[in-house]
Amino acid sequence: MLKKADFDEFKRLLLVLRARVRGDVKQMTHEALDRNDGESESKSPTHLAELGTETYEIDFALRQVENEQEFLAEIDAALERIEDESFGICQGCQTEGRSLAKSVIPKLRLRAIPYTKNCVECEQKREASEC
Ligand SMILES: [Zn+2]
């Protein structure tokens, strides 16, 4: 099981990660919406529609932002799990009725992907069932 010091370590990791992702989101949204290199600050949303051929590019950029926001949601969820101390427990293992001690996600994996909800085994099962 994870100790208080471990929770602190992963909390710090997640907060750093979140700050970094948030910075990216802000920049990408700006780039996606402001195509005229800051020529005018008063752009209405209808401006986007008038861009025509560039729409696909903008859609693509905004879709990336959407993914970033999903990413942020994962990070926030992980931070909540740290608060209620369920962090580091594999949800897949729990669903299969394993004991808490047998559902612990290895710290090595948590350091690589601190927002993960599953151990490697369960993650692979989940990915396989999604295909
Ligand atoms: Zn598992």
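Residues numbered from 1 in each chain as written. Predicted model: local features only at pLDDT ≥ 70, side-chain atom pairs only at ≥ 80, totals over all residues.

## Describing the overall build of the protein
- The secondary structure content of the protein amounts to six helices and zero strands.
- Listed by position from the N terminus, the elements making up the protein come as α-α-α-α-α-α. (Helix = DSSP H or I, 4+ residues; strand = E, 2+ residues; numbered from the N terminus.)

## Focus: the nonpolar core
- Residues Phe10, Leu14, Ile75, Ala78, Phe87, Ile89, Cys90, Ile105, Leu110, Tyr115, Cys119 and Cys122 constitute the largest nonpolar core, which totals twelve residues.
- Those elements that provide at least two residues to this core are α1 (4-33) and α3 (55-83).
- If you count residues domain by domain, this core takes at least three from each of domain 1 (1-83) and domain 2 (88-131).
- Sequence-distant contacts of Cys90, that is, excluding residues within four places in its chain, are made with Ser103, Ile105, Asn118, Cys119 and Cys122. (Core = buried A, V, L, I, M, F, W, Y, C linked by C-beta atoms within 7 Å. Buried ≥ 20, exposed ≤ 12 C-beta atoms within 10 Å, placed from the backbone. Domains from an automatic or database assignment. Contact = placed C-beta atoms within 7 Å.)

## Section: the environment of Ala78
- Note that Ala78 resides in helix α3.
- With 68 residues separating them along the chain, Ala78 and Phe10 place their C-alpha atoms 9.2 Å apart.

## Focus: unusual backbone geometry
- For Glu85, which is not a glycine, the phi torsion comes out positive at approximately 60°.
- Relative to the elements of secondary structure, Glu85 occurs in the loop between α3 and α4 (91-95).
- Residue classification places Glu85 among the exposed positions, given that 12 C-beta atoms sit within 10 Å.

## Focus: the confidence of the model for the protein
- Summary statistics for the protein give a mean pLDDT of 81 and a share of 71% for residues scoring 70 or more.
- When the elements of the protein are averaged for pLDDT, helix α2 (residues 46-50) gives the smallest value, 51, and α4 the largest, 95. (pLDDT = per-residue confidence, 0-100.)

## Points about the environment of Glu9
- As for its position among the elements, Glu9 is in helix α1.
- Considered as a pair, Glu9 and Arg111 are 102 residues apart in the sequence and their alpha carbons are 9.2 Å apart.

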